Protein chains: 10
Amino acid sequence: MLKGIPKILSPELLMVLCEMGHSDRLVISDGNFPAESMGKDAIVIRCDGHGVPELLDAILQVFPLDTYVEKPVNLMEVMPGDDVETPIWDTYKEIIAKHDSRGADCVGNIERFAFYDEAKTAYAIIATGESALYANVMLQKGVVTD
Amino acid sequence: MLKGIPKILSPELLMVLCEMGHSDRLVISDGNFPAESMGKDAIVIRCDGHGVPELLDAILQVFPLDTYVEKPVNLMEVMPGDDVETPIWDTYKEIIAKHDSRGADCVGNIERFAFYDEAKTAYAIIATGESALYANVMLQKGVVTD
Amino acid sequence: MLKGIPKILSPELLMVLCEMGHSDRLVISDGNFPAESMGKDAIVIRCDGHGVPELLDAILQVFPLDTYVEKPVNLMEVMPGDDVETPIWDTYKEIIAKHDSRGADCVGNIERFAFYDEAKTAYAIIATGESALYANVMLQKGVVTD
Amino acid sequence: MLKGIPKILSPELLMVLCEMGHSDRLVISDGNFPAESMGKDAIVIRCDGHGVPELLDAILQVFPLDTYVEKPVNLMEVMPGDDVETPIWDTYKEIIAKHDSRGADCVGNIERFAFYDEAKTAYAIIATGESALYANVMLQKGVVTD
Amino acid sequence: MLKGIPKILSPELLMVLCEMGHSDRLVISDGNFPAESMGKDAIVIRCDGHGVPELLDAILQVFPLDTYVEKPVNLMEVMPGDDVETPIWDTYKEIIAKHDSRGADCVGNIERFAFYDEAKTAYAIIATGESALYANVMLQKGVVTD
Amino acid sequence: MLKGIPKILSPELLMVLCEMGHSDRLVISDGNFPAESMGKDAIVIRCDGHGVPELLDAILQVFPLDTYVEKPVNLMEVMPGDDVETPIWDTYKEIIAKHDSRGADCVGNIERFAFYDEAKTAYAIIATGESALYANVMLQKGVVTD
Amino acid sequence: MLKGIPKILSPELLMVLCEMGHSDRLVISDGNFPAESMGKDAIVIRCDGHGVPELLDAILQVFPLDTYVEKPVNLMEVMPGDDVETPIWDTYKEIIAKHDSRGADCVGNIERFAFYDEAKTAYAIIATGESALYANVMLQKGVVTD
Amino acid sequence: MLKGIPKILSPELLMVLCEMGHSDRLVISDGNFPAESMGKDAIVIRCDGHGVPELLDAILQVFPLDTYVEKPVNLMEVMPGDDVETPIWDTYKEIIAKHDSRGADCVGNIERFAFYDEAKTAYAIIATGESALYANVMLQKGVVTD
Amino acid sequence: MLKGIPKILSPELLMVLCEMGHSDRLVISDGNFPAESMGKDAIVIRCDGHGVPELLDAILQVFPLDTYVEKPVNLMEVMPGDDVETPIWDTYKEIIAKHDSRGADCVGNIERFAFYDEAKTAYAIIATGESALYANVMLQKGVVTD
Amino acid sequence: MLKGIPKILSPELLMVLCEMGHSDRLVISDGNFPAESMGKDAIVIRCDGHGVPELLDAILQVFPLDTYVEKPVNLMEVMPGDDVETPIWDTYKEIIAKHDSRGADCVGNIERFAFYDEAKTAYAIIATGESALYANVMLQKGVVTD
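My aim in this report is to walk through the structure given alongside it, one point at a time. Given the structure is predicted, the values throughout are model-derived calculations rather than measurements.

Criteria and thresholds
- Residues numbered from 1 in each chain as written.
- Chains lettered and ligands numbered in written order.
- Predicted model: local features only at pLDDT ≥ 70, side-chain atom pairs only at ≥ 80, totals over all residues.
- Heavy atoms only, no water.
- Helix = DSSP H or I, 4+ residues; strand = E, 2+ residues; numbered from the N terminus.
- Rg over C-alpha atoms; globule rule 2.2 N^0.38 Å.
- Buried < 20%, exposed > 50% of the residue type's maximum accessible area, 1.4 Å probe, protein only.
- Contact = heavy atoms within 4.5 Å.
- Areas by Shrake-Rupley, 256 points an atom, 1.4 Å probe, with all protein chains shown as cover.
- Lys, Arg positive; Asp, Glu negative; His and termini not counted.
- Charge placed at Lys NZ, Arg CZ, Asp CG, Glu CD.
- Arc of directions from axis to C-beta.
- Polar contact = N/O pair within 3.5 Å; in protein donor to acceptor, adjacent residues only side chain to side chain.
- Buried area = accessible area lost by both parts, 1.4 Å probe.
- Salt bridge = Lys/Arg side-chain N within 4 Å of Asp/Glu carboxyl O.
- Nonpolar A, V, L, I, M, F, W, Y, C, P; charged D, E, K, R; others polar.
- Pairing = 2+ DSSP bridges.
- Axes fitted to C-alpha atoms, helices over the stretch in contact; angles between N-to-C directions.
- Least-squares fit on C-alpha atoms with pLDDT ≥ 70 in both.
- Parallel < 35°, antiparallel > 145°, perpendicular 65-115°, else oblique.
- Left-handed = near helix turned anticlockwise from the far one by under 90°.

Attention shifts here to the overall build of chain A. Along its length, chain A carries five helices and six strands. Seen in sequence order, chain A has helices and strands lined up from the N terminus as α-β-α-β-α-β-α-β-α-β-β. Taken over the C-alpha trace, chain A has a radius of gyration of 14 Å; the compact-globule value for 146 residues is 15 Å, and the two agree within 12%. The principal-axis extents of the C-alpha atoms in chain A amount to approximately 45 × 30 × 25 Å. Taken over 146 residues, chain A has a buried fraction of 65%. Here the contacts in chain A between residues at least 6 apart in sequence split such that 86% fall between residues at least 24 apart. Summed over all atoms, the accessible surface of chain A reaches about 5200 Å², with 48% contributed by carbon and sulfur. With 12 positive and 24 negative side-chain charges, chain A shows a separation of 5 Å between the mean positions of the two kinds.

Following this line, the structure appears as structure tokens:
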């Protein structure tokens, strides 16, 4: 643990967030996402037992979103015919609005299998224990200017 | 994640709990414990951001305490002159009572530096983000009889 | 060994089952399946000396089958011209029926070489000592909802 | 699997038995033995879900017992005050008699903590799922003369 | 060394033969075969100083040939214009006849560069010190039925 | 790089500082210190080309000094007979005063060879390019309380 | 540190510069460049906290630029629509002129995504903490003639 | 060092020469050749400070040239427009004539970039300190007949 | 294989013999010697299926015996009470006489357990398939003077 | 190779010299020194085929000798009764005088077995092909002051 840094960020996660550069992508996946198989070429970080919102909030305190693209945040679209609700998306948008002035405007959606393809080329995937469905979120890192 | 197994138990933690045998010891350490240096000869498992109680409760669902010794659970004694309170110990005792009929009777105390020495020979050390002080707890595994 | 978890599940197998996610596939192969060569990109777990039925039954206690596809379980089709009997398939279907309400309806067949191709992209392959022929079975993991 | 070799012997176990030499010791441990911690300097081979008798019988088909010592086989003594029965020891002696003409005469006993010390210097430890208590057995390899 | 197993089979070779499954291929190469470069994706086992016949004979004691294909054994064809004699092929056929009732009928030939291509996808390549030329032989493993 | 974290802290250094616990020690060594040989049992982090003061200042922004001991900071004493000046020690004390209310009072001295002995048991050693002599400094981590 | 060699060159960097040969390329990247993901097939060397100019100057003292190509130095072009200034390029050109008689004439430009593609095949990427934007520079090594 | 073997052949180089087989290729590169990047899929052996002739002469004492091809030795052609002299080639031919009766007749030339492509698939690349330009030489191993 | 070097010497064995220096010891062990456990701190080289005499003869062609000690060759003494014959020792002495003018005079004996202790500090141990008993031999390397 | 750095210094050797600090010791050993066994806890660098003088001269161009001790250079004393001449020691002293104003005065001697003990704790050992006897030399690194 360190002064002033959210303690949910493990030493390894802190290192990975720090070594990422402009345009690298990070997936915070829900508990049912096949994080290990999607992440064979990525760094997979286990955060079992944690929900996505607390991690998203902690990460955005140190991790800027890309301002060179319109949608640096992407969610996995609900499959046609699957009538699941996704109230957690509103939670995500509120958290993002705390850290980025664009708020919900910088959040996009990607079809399920396209999301998988993107995830396979991400720099890192965080495996959480989030029990909400369709709760995966992908972040694209921006430029650190300070 | 698996059916019927607490999702706070990561794949690696589950493996380690399973490969431990009768009389092996496990330390669930608080966020300030020097887990990595104490655990140079042990397996260190990061559970950053979690408190000790939720891990203790999940672990005791699958992990039996040793019945061949009187005190299979040990806490780190408060240093003389340090007037910190340790209400979290009561929480631990309640959780233990849920899983072992001996309850608080099977919980002992070890002086700080003796605790460090014991920790160095433990099979595994779990590094949590528990912010309570003197919140380390050491468990000795018993026999699985079913 | 752990309380309440079938002891045929080794620490490593437990870890692998736990780290698999929705839609990842697992092959439980018979004793003559070329598990190591098919599994060059997979995790291969040795369970020499065990039959497939006892492993299948233990695995399905903790591992949900995918409900997003019709046939989350697949067997290797007998080669044309090979007049071997496969009574073990009935045993598999009974075991599956104990753990999934769809029973035999969720079990499909795949031609031998197509099965090999699928196996090469599985997340893990378990090498058993099952002496029955055509006794390989492939499972697709579902969502853990509790 | 190979022709004429018991299929409970995994490829790795076969390799380890083969590379052992005269006077090297092998522990076949029961399911509660702390095989991983005792075996930090040894090779640990997992045989989860198997009992000791079937492994002992298979191993003795290829593995000669030392004839240079009187007791090449050793069991862990029951702790004073522990009134557990050990009928499995008779089974072991019958199996040994099938493979070595000295039969039960070559089987000795070692006190629990002395057994642990010996185990720590063994060449290999096999971790089984044997549920009988005090069911650990240590074998010392003899000379292969054919 | 083990009782009843040819002592020319090293611990590692025994392990590899055992972990191979139905249809996996093994090359026993002569002393001039580029075993290491052909075997970049295979397991290469050094048996320097040994001839192929003694290894072939020992291997076939534990390793069944595939009965699902007509030619489970293949030799490298002599290059057109190379007038070398290959009396060692007769030795091979006699050895095969000792272990497989099909005898010489199950031995085929493959053109040199096609043989190289096949070798690159073999499960394992044994590098011998065989001084006869064109003395490489490729074996396809069958089903173990006992 | 991350928002709000000094960019002189590399990803690996950040990870190491974070994984250290209460009472672990860190050496920031000058350019002539034998960091690699002293740190054979430690983690050695290269910060070639940097001076100690800029690293000390950055580290103390996230790293609390131990309040359980009187001298959590220690410098290497000048060898008797060596008449080198150490103005950099004043710089260190000013930096420490910015981050810890005890200021210069928490800074002690250790004789050269005792310093080496302590360094060998440190958790990590940072190798800088500091050209000042006797410019090594050892920090003991305190408790993170927020 | 060594006599006569700039101390900002770490032992590892010195080794890498030395093992590079004629026509190998080196990227000195700014603090926001995705050095780790671009450098998956390269050697990535961390120089956090340093600017590019001090590294460029030190490197060119030991590293000759290729004289077989016209532009052995390349900068990343500003993206159309991005109105950032790049005064650091003038600094680079002055430094290059100190070490290579061609001076600014041997400096070219590459479009952003083409630069990424080139970077992926570089021999090594140095990750600096340079805060100027578009401050990446790619060097092609020449022949050492002394 | 060994009796009767040139002492310029390091233990590792001797091993590599020995494990090469018929038709494997070896590059002895000059000091400016990009040996490490060309040799990413090869074994790279450092012989810094040595010239090519002394290595070539030592290697050919134990390494036969291929007699199945016309040009088992190949040099890198001078680039058109580069008016460098290559007197070292005559030295090479004299050395080859000492060890192979074909002498200079078995030496061919390959265009620079084709040479690079061939080098990428070589079994091993030796990095020398040879200061002559265009001094790279590629050898194809023959059959050992004694 | 290489020209003029006995082909029973594998690439790895050749490397090990070459990297040994004056006074390093090599054990050529018989098939029942516990080579792997004695050699935990040594390099163990498998030569399964070979006898000791053919290896001894090949090794002494390249490996000089130490002339600074009286007995650079040592055999394991027969245990008191064990009435085994050791005709193979005469074979060893004849082979040694071929390569060292001191012949049998430079061959000594070491008691069994002292031999084990010496073996544990040897540089390398060769595991053969020699079936003769008490057939282990230890060689001390001399100075290469050519 | 690099501009201005002796090309006999390999990339790895350069790295090792650079990472050494004040008081670390380096052994440049002759061709018969048991460099690999003495250097089990050190870094061993092969420079086969080179003599010690050319390496010593190149190393001292970048490596300062310790001025805190009287004898930063040490030679291995000739064994009593061994009447070998050591003219190479004069060569060493001339080379040292070129780089250190103390010249031969800073060169001491150590008895053979004491030299071995010192060598075992050195930071690195360079294995040369030097054929002169008693030609080992140990250097202690000083402070880099520029």
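Text resumes after the structure shown.
A few words now on helix H5 (residues 112–120) of chain H. All names here are of chain H. Buried within H5 we find Arg 112, Phe 115, Tyr 116 and Ala 119. Across the axial projection of H5, the buried residues extend over an arc of 105 degrees, all falling on one side. Residues of H5 that are buried in the fold lie against strand S1 (25–29), helix H2 (35–38), strand S3 (73–76), strand S4 (107–110), strand S5 (124–128) and strand S6 (137–140). Regarding H5, its N-cap is Glu 111, as a side-chain oxygen of that residue lies 3.0 Å from the backbone nitrogen of Phe 113 further along.

Every contact between the two is made by 24 residues of chain J and, on the other side, 24 residues of chain G. With both chains or domains summed, chain J and chain G bury close to 2000 Å², and 66% of this area falls on carbon and sulfur atoms. Connecting chain J to chain G are zero salt bridges. At the junction of chain J with chain G, the criterion picks out eight residue pairs in polar contact (both at pLDDT 80 or more). At seven residues, helix H1 (residues 11–19) of chain J tops the list of elements feeding residues into the side of chain J that touches chain G. Among the residues making up the side of chain J that touches chain G, the classes are represented as 15 nonpolar, four polar and five charged.

Residue and element names in this part refer to chain H. In space, the six strands of this open sheet follow the order S2-S5-S1-S6-S3-S4, with mixed pairing throughout. Each of the sheet's edge strands pairs with one partner strand only, and the pair in question is strand S2 (43–47) and S4. Averaged over all adjacent pairs, the angle separating strand axes in this sheet is 20 degrees, with direction ignored. Across three bridges, S3 lies against S6 in antiparallel orientation. Following the sheet pairing, Val 73 is matched in S6 by Leu 139.

Mapping chain J onto chain G calls for a rotation angle of 180 degrees and an axial translation of 0.0 Å; the resulting RMSD is 0.0 Å. What the rotation and shift describe, once combined, is the action of a two-fold rotation axis. Taking C-alpha positions as reference, the residue of chain J nearest the rotation axis is Met 15 of chain J, located at 2.7 Å. Mapped onto chain G, 100% of the interface residues of chain J again fall at the interface, so both copies present the same surface.

All right, on to the packing of helix H1 (residues 11–19) of chain H against helix H1 (residues 11–19) of chain I then. Think of two packed helices as two axes; the pair is described by the angle between the axes and how far apart they sit. Where H1 of chain H meets H1 of chain I, the closest approach of the two axes is 8 Å, and the angle between their N-to-C directions is 160 degrees. Overall, the two elements H1 of chain H and H1 of chain I adopt an arrangement that is roughly antiparallel. In this structure, H1 of chain H crosses over H1 of chain I, and the sense of that crossing is right-handed. For the pair formed by H1 of chain H and H1 of chain I, the contact residues are Pro 11, Glu 12, Leu 14, Met 15, Cys 18 and Glu 19 of chain H on the first element and Pro 11, Glu 12, Leu 14, Met 15, Cys 18 and Glu 19 of chain I on the second. Split by residue class, the contact of H1 of chain H with H1 of chain I holds eight nonpolar, no polar and four charged.

This part takes up the pattern of salt bridges. In the structure shown here, the tally under the stated rule is 54 salt bridges over all chains. The closest approach of N and O atoms between Glu 118 of chain I and Arg 25 of chain I, which form a salt bridge, is 3.4 Å. In this pair, Glu 118 of chain I sits in helix H5 (residues 112–120) while Arg 25 of chain I sits in strand S1 (residues 25–29), placing the two residues 93 residues apart along the sequence. Residue class for Glu 118 of chain I comes out partly exposed when judged on its relative accessible area of 32%. Exposure remark for Arg 25 of chain I: the relative accessible area of 16% places this residue in the buried category. A salt bridge links Asp 57 of chain I to Lys 98 of chain I; its shortest N-O distance comes to 3.0 Å. Of this pair, Asp 57 of chain I sits in helix H3 (residues 52–60) while Lys 98 of chain I sits in helix H4 (residues 88–99), and the two are 41 residues apart along the sequence. Each of Glu 36, Arg 46 and Asp 48 of chain A takes part in a single network of salt bridges with overlapping partners.

In this section: the packing of helix H3 (residues 52–60) of chain E against helix H4 (residues 88–99) of chain E. All names here are of chain E. Across the interface, H3 lies against H4 with an axial gap of 10 Å and an inter-helix angle of 15 degrees. For the element pair H3 / H4, the angle class is roughly parallel. With respect to the hand of their crossing, H3 and H4 are arranged in right-handed fashion. On H4, the residues touching Val 52, Pro 53, Leu 56, Asp 57 and Leu 60 of H3 are Ile 88, Thr 91, Tyr 92, Ile 95, Ile 96, Lys 98 and His 99. Among the residues forming the contact of H3 with H4, the class breakdown is eight nonpolar, two polar and two charged.

Such coordinate-based values are descriptive only and should not be taken to indicate function.
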